[in-house]
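Here is how the chains run, residue by residue.
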Amino acid sequence: MYLLEELYFKTLSKRKKQVMEKNGNNRKLRVCVATCNRADYSKLAPIMFGIKTEPEFFELDVVVLGSHLIDDYGNTYRMIEQDDFDINTRLHTIVRGEDEAAMVESVGLALVKLPDVLNRLKPDIMIVHGDRFDALALATSAALMNIRILHIEGGEVSGTIDDSIRHAITKLAHYHVCCTRSAEQHLISMCEDHDRILLAGCPSYDKLLSAKNKDYMSIIRMWLGDDVKSKDYIVALQHPVTTDIKHSIKMFELTLDALISFNKRTLVLFPNIDAGSKEMVRVMRKKGIEHHPNFRAVKHVPFDQFIQLVAHAGCMIGNSSCGVREVGAFGTPVINLGTRQIGRETGENVLHVRDADTQDKILQALHLQFGKQYPCSKIYGDGNAVPRILKFLKSIDLQEPLQKKFCFPPVKENISQDIDHILETLSALAVDLGGTNLRVAIVSMKGEVVKKYTQFNPKTYEERIDLILQMCVEAAAEAVKLNCRILGVGISTGGRVNPREGIVLHSTKLIQEWNSVDLRTPLSDTLHLPVWVDNDGNCAALAERKFGQGKGLENFVTLITGTGIGGGIIHQHELIHGSSFCAAELGHLVVSLDGPDCLCGSHGCIEAYASGMALQREAKKLHDEDLLLVEGMSVPKDEAVGALHLIQAAKLGNAKAQSILRTAGTALGLGVVNILHTMNPSLVILSGVLANHYIHIVKDVIRQQALPSVQDVDVVVSDLMDPALLGAASMVLDYTTRRIY
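Cut-offs applied
- Chains are numbered independently. Their residues run from 1 in the order of the written sequence.
- In keeping with the model being predicted, local features are shown solely for residues with a pLDDT of at least 70 and side-chain atom pairs are shown and tallied solely at 80 or more, while totals for entire chains, interfaces and linings include all residues.
- No hydrogens and no water enter the side-chain calculation; it runs on all heavy atoms of the structure.
- Per the convention used, a helix needs a DSSP run of H or I reaching at least four residues, while a strand needs a run of E reaching at least two, with both numbered from the N terminus.
- Remark: exposure states derive from per-residue accessible area (1.4 Å probe, protein chains only) relative to the maximum for the residue type, with buried under 20%, exposed over 50%, and partly exposed in between.
- For the purposes of these results, a polar contact is taken to be a pair of N or O atoms within 3.5 Å, where, inside protein, one atom must be able to donate a hydrogen and its partner to accept one; residues adjacent in sequence count only when each atom of the pair is a side-chain atom.
- Whether two residues are in contact is decided by their heavy atoms: any pair within 4.5 Å suffices.
- Salt bridge criterion: a side-chain nitrogen from Lys or Arg within 4 Å of a carboxyl oxygen from Asp or Glu.
- A pair of strands is considered paired only if DSSP assigns at least 2 bridges between the two.
- Whenever a helix is involved, its axis is fitted only over the stretch in contact; in every case the axis is a line through C-alpha atoms, and angles between N-to-C directions fall within 0 to 180 degrees.
- Each nonpolar core is a collection of buried residues, namely Ala, Val, Leu, Ile, Met, Phe, Trp, Tyr and Cys, held together in the definition by side-chain atoms within 4.5 Å.
- Reported domain spans reflect what an automatic or database domain assignment gives.

K.L.:
Any chance you could explain the side chain of histidine 645 here in plain terms?
P.N.:
With respect to the element layout, histidine 645 can be found in helix α21 (residues 643-651). Accessibility expressed as a relative area gives 9% for histidine 645, which makes it buried. For histidine 645, the side chain forms a polar contact with the side chain of glutamate 639, separated by 2.7 Å. Looking at histidine 645, its side chain comes within polar contact range of the main-chain nitrogen of glycine 642, at 3.0 Å. Apart from residues lying up to four places away in sequence, histidine 645 is in contact with Leu628, Met633, Val635, Glu639 and Ala640.

Below is the structure:
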């Protein structure tokens, strides 16, 4: 965090001084933050704390209105006071009734009261959050009184009237802080000035991503009882849908019935103040939720405690934006009911039940989700939003014309920029677990290896995991200095892998203590990033699909020729894993019934002939019989005989070495013929250190042994330097840019 602040503020110091001089005698920027309810305060509070820590640049005025000041909704203004903020103005703006007319009247009452407040405070800029009807009144008042507006979380998409309100505030606002790349693109499509859009991430993530490791059991016991364990309770938060109130009340009733049947301790939060909330509270009381032994019904939970509760819950259920946005930071399973959040970007932890019209559907969703653990998602932020926002505020020139300018089509290039207008390189952390070395790299969207780290692969599980975490943390820190935004972690490893769960099921004998290993959880928990894991052969195929000679092809096969023999199959543009994640074990295609023994336990496999280990075995035999070395060759006493010595001997005319290589290439060629006859791909790509030595023999075998209909299929040598790392990176880059993997 401090490193990021230093990087951000140091680079803009010169421009900042110039702006403040323009603004008049180094005058502080007077910022008014208006908060309407508990939800928006959780997003605004981190910004308010940031502003408060820099009194030399800012003056902060806090205006509180809306449901903050209503006892039925927890009098949540008190948490603002507890955070040691001075509340300049309290405005009672809510007209009770909790129906559509009351919402309209509340907006009108706020519009009547706000002008006096704004005339008295005279802020330079007002910060408005989100999509609530109170926020619309704030933005309308500020816009009509020529006060600049900074809108937080514009450009997002969801259901209900909130969507329309959010976009209406966008059109009134002068500056925009958005949380996701899609939201940024929506703002640009809405003709907002790209230079006034900041892709910062959600401010609440600055607190979320550092919250999970704190003491949490005392909080769980306080709200749910002394007998409740972590991951063994549910958090429920459901609001009315203002465009279909009757259906949302019925859905809430079905949700409560399902939770009663599911029979787990549940914390139920009261709904917000939207039209229909009064009827939802009546449903709760009708079903006796406030007195049911399995339920705890509360009006409000302080945000610091709420995030601990959802972080360690077995599941969250409802239709709150918190479920699809903030909870993803912890990988907690979420059941999103109905259409209130339709269109929101979500992590894989969210299960949607859009047509929640029966108790059974909701109950089935609870059985599917409860107790699972998903990768932590950073779709909505990386924990560094506040430094970006403060820097953005300091760059605002009050001498610029107040009148908004709209950028009508054609829209500017699809470029994302931070406050310095410097493109952050979207990147992935790629990890390659080989038999000898452990490599970690920062890989850009274009397949450039920005920086690479290499260490020997430890022999024990504990040492290996510790080293992976250490190298990834160091690489992530270095990425900040290199202006790379890390989107996730991709891991390539030998053996059979379950990519859905991120688990190495069975490893090769080259990597010891590496069976039934969960790689996803420790990395996701440490780095707060989503993590993907796959077999090294599959990763090589993914690398070719995104960056190599397989780009744009519908069907192709990759064969890796290295220490072992592996491969990957792309069919109809997608990677084939197989029913038990054992597809593309191409090194274990049998090409001879009486061939040499293979490490898999069989014999006659391609790997037993053509792998680096097989060539090393044959080289040692020749060396032991004094038949390896020829004139111009020597092997130092402290150097082990290997495959490269065999290749060198063959090049220098050693007939026996040449025969061994020809046999190995023929075995590989027969395997390729079998692949051509089985898969009929449009291309076969040979990858790895031995590919160049085999390519001509393989093509000869195809001409002699393959059916005429497949003899024209091209066989090429990969031109990628690091296919395992690039493939690991492609899992991250394809998924996070919304390509389904």
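K.L.:
What exactly am I supposed to notice about the pattern of salt bridges here?
P.N.:
Side chains that differ in sign of charge can pair as their charged atoms come close. Under the definition given, this model contains 42 salt bridges. The closest approach of N and O atoms between aspartate 131 and arginine 166, which form a salt bridge, is 2.7 Å. Note that aspartate 131 is positioned in the loop between β4 (125-129) and α5 (133-144) and arginine 166 in helix α6 (residues 162-172), a separation of 35 residues in sequence. Take aspartate 131 and arginine 166: they sit in the same class, and that class is buried.

K.L.:
What is the right way to read the sheet that holds strand β1 (residues 29-35) from this model?
P.N.:
Hydrogen bonds along the backbone pair up the strands of a sheet, which may run parallel or antiparallel. Strand order in the open sheet formed by seven strands is β3-β2-β1-β4-β5-β6-β7, and the pairing between neighbours is parallel. Because the sheet does not close on itself, it has two edges, and the strands there are β3 (87-91) and β7 (197-199). Within this sheet the neighbouring strands show an average axis-to-axis angle of 20°, counted without direction. Pairing of β1 with strand β2 (residues 58-65), which is carried by seven bridges, proceeds in the parallel orientation. Bridge pairing links valine 31 to leucine 60 in β2. Most of the contacts of α6 go to strand β5 (residues 148-152), to which it runs at about 145°, and overall it touches β4, β5 and β6 (175-178).

K.L.:
Got a minute to help me understand helix α12 (residues 303-311) in this structure?
P.N.:
Residues three or four positions apart in an α-helix share a direction because the helix packs 3.6 residues into each turn. Judged by how many residues are buried, α12 sits mostly within the fold: seven of nine residues are covered. Restricting attention to buried positions, one finds in α12 the residues Phe303, Phe306, Ile307, Gln308, Leu309, Val310 and Ala311.

K.L.:
Is there a simple way to explain the nonpolar core in this structure?
P.N.:
Here is a general trend for soluble globular proteins: nonpolar side chains tend to be buried in one another's company. The biggest cluster of nonpolar side chains holds 61 residues, and the ones touching the most others in it are Met126, Leu138, Ile234, Ile317, Ile335, Leu337 and Leu366. Per-element accounting of this core gives the leading share, nine residues, to helix α10 (residues 245-262). Residue-level mapping places this core at the junction of two domains, with at least three residues from each of domain 1 (28-202 + 387-395) and domain 2 (209-369). When sequence neighbours within four positions are dropped, the list of residues in contact with leucine 337 reads Gln238, Met251, Thr255, Ile317, Gly318, Asn319, Val353, Ala356 and Ile362. Listed in part, the 43 residues of the second largest apolar core include Leu622, Val635, Val672 and Val715.

As far as function goes, none of this settles anything; it's purely spatial.
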